[in-house]
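# Descriptive structure summary
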Amino acid sequence: MVEWTEQERSIITSIFSNLDYDDVGPKALVRCLIVYPWTQRYFASFGNLYNADAIKTNPNIQAHGTRVLHGLDRAVKNMDNIKGTYAELSVLHSEKLHVDPDNFKLLADCLTIVIAAKMGSGFTPEMQATFQKFLAVVVSALGRQYH
Amino acid sequence: MSLSAKDKKTVKTFWAKVSSNGEAIGADALSRMLVVYPQTKTYFSHWKDLSPGSAPVVKHGATVMAGVADAVAKIDDLTSGLLSLSELHAFTLRVDPSNFKILSHNILVVLAIMFPTDFTPEVHVAMDKFLAAVARALSEKYR
């Protein structure tokens, strides 16, 4: 069982309540596809990902980035059972999408960078530690049902 | 995943913009590393104060970033350029190389915080590749 202090819970809810999911989600996914280009392998059907500008303006990527952030929202609202909350999503990523779970960490790192850029110095070391702990739990839950 | 000519140009251009903040970048990156990855504190048991912004952390952050600045200048041959630093890390400091990735991540976070508009995805990938190349050069002499 993952233990969360009151401070950690309030940090996570505060970070997410100040986010524009339609902005941050796409930005994180775009960054991931540019910084770790091999992740583009999962988006072959999304159209033109030929260069950074194409990725940044691709509407399918925009939509998917938003979807991913809303998926994260479910973890924010169920911090005491992220593993259970994501059991189905984990099966989906393994059985249907065939995503290498190492990729989850890459996207998590890009999301951290996007949030850091948005929050500036307000993203203190303590907030970074809590946010990365949260993402590590999410990443672990998403990989849990792989076999 | 070696550095292309474009990567090197991107790194040099971005570094020229941010290098005057080198000490602040180093101090913040090191502070964050010690808080977010507490296992890294094991290398600094000889310091009195490991809290963010403390004197030894600030001083060491500056030392580390001076090394990064040196690496930018020697970007065309990191392996020979960073030879003595590699020997230092291999034989004296013996920092587990997995920690290079950790510190690199925190440097990138600080760059995003301090330069949100300049730290575009394109700059991010070049800097990530550069820091990984520096880490490889530092690991050269390990075994």
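What you are looking at is a predicted structure, and each value in this text was computed from that prediction instead of being measured. (Residues numbered from 1 in each chain as written. Chains lettered and ligands numbered in written order. Predicted model: local features only at pLDDT ≥ 70, side-chain atom pairs only at ≥ 80, totals over all residues. Heavy atoms only, no water.)

Glancing now at the overall build of chain A. When its secondary structure is counted, chain A shows 8 helices and 0 strands. In chain A, the succession of α and β elements from N to C terminus is α-α-α-α-α-α-α-α. For the C-alpha atoms alone, the extent of chain A along its principal axes is close to 45 × 40 × 20 Å. Look at the contacts in chain A between residues 6 or more apart in sequence, and 73% of them connect residues 24 or more apart. (Helix = DSSP H or I, 4+ residues; strand = E, 2+ residues; numbered from the N terminus. Contact = heavy atoms within 4.5 Å.)

To continue, consider the side chain of N58(A). All names here are of chain A. With respect to the secondary-structure elements, N58 resides in the loop between α3 (52-57) and α4 (59-76). Classification of N58 as buried rests on a relative accessible area of 5%. Engagement of the side chain of N58 in a polar contact is seen with the backbone nitrogen of N60, the distance being 2.8 Å. (Buried < 20%, exposed > 50% of the residue type's maximum accessible area, 1.4 Å probe, protein only. Polar contact = N/O pair within 3.5 Å; in protein donor to acceptor, adjacent residues only side chain to side chain.)

This part covers the packing of aromatic side chains. For the coordinates displayed, the defined rule picks out 12 aromatic pairs over all chains. For the ring pair F104(A) and Y146(A), a centre distance of 6.3 Å and an interplane angle of 75 degrees mean the geometry is edge-to-face. In this pair, F104(A) is assigned in helix α7 (residues 102-119) and Y146(A) in the segment after α8 (125-143), connecting sequence segments 42 residues apart. You can call F104(A) buried: its relative accessible area is 10%. A ring pair is formed by F100(B) and Y142(B), whose centres lie 6.3 Å apart and whose planes are at 85 degrees; its orientation type is edge-to-face. Taken together, the positions of F100(B) in helix α6 (residues 98-114) and Y142(B) in the segment after α7 (121-139) put the pair 42 residues apart, joining distant regions of the chain. Look at Y142(B) and you get partly exposed, because its relative accessible area is 23%. By way of ring pairs, the aromatic residues W4(A), F16(A), Y21(A), F123(A), F131(A) and F134(A) are connected into one cluster. (Phe/Tyr/Trp six-rings, centres within 6.5 Å; stacked < 30°, edge-to-face > 60°.)

For residues that are not glycine, phi is negative in most cases, and the peptide bond is trans in most cases. Despite not being glycine, H98(A) shows a phi value in the positive range, around 50 degrees. Among the secondary structure elements, H98(A) is positioned in the loop between α6 (87-96) and α7. A positive phi angle, close to 50 degrees, is found at R94(B), a residue other than glycine. Along the polypeptide, R94(B) turns up in the loop between α5 (83-93) and α6. For R94(B), a relative accessible area of 59% translates into the label exposed.

UniProt tags residues 2-143 of chain B as "domain: Globin" (unreviewed entry). Along residues 2-143 of chain B the backbone is 70% helical and 0% strand, and the end-to-end C-alpha distance reaches 21 Å. (UniProt positions renumbered as here; feature names shortened; annotations may be inferred.)

If you check UniProt for "domain: Globin" (unreviewed entry), the listed places come out as residues 3-147 of chain A in our numbering. Taken end to end, residues 3-147 of chain A is 70% helix and 0% strand, and its two terminal C-alpha atoms sit 26 Å from one another.

Time to look at the confidence of the model for chain A. Looking at chain A, pLDDT values average 96 and 100% of them are 70 or higher. Ranking the elements of chain A by mean pLDDT puts α6(A) last with 95 and helix α1 (residues 6-17) of chain A first with 98. (pLDDT = per-residue confidence, 0-100.)

A few words on the nonpolar core. Counting residues in each nonpolar core, the largest one holds 79 residues, and the members touching the most others are F16(A), F134(A), L111(B) and F130(B). Ignoring sequence-local partners within four residues, the contact set of F130(B) consists of L3(B), V11(B), V68(B), A71(B), V72(B), I75(B) and L78(B). (Core = buried A, V, L, I, M, F, W, Y, C linked by side-chain atoms within 4.5 Å.)

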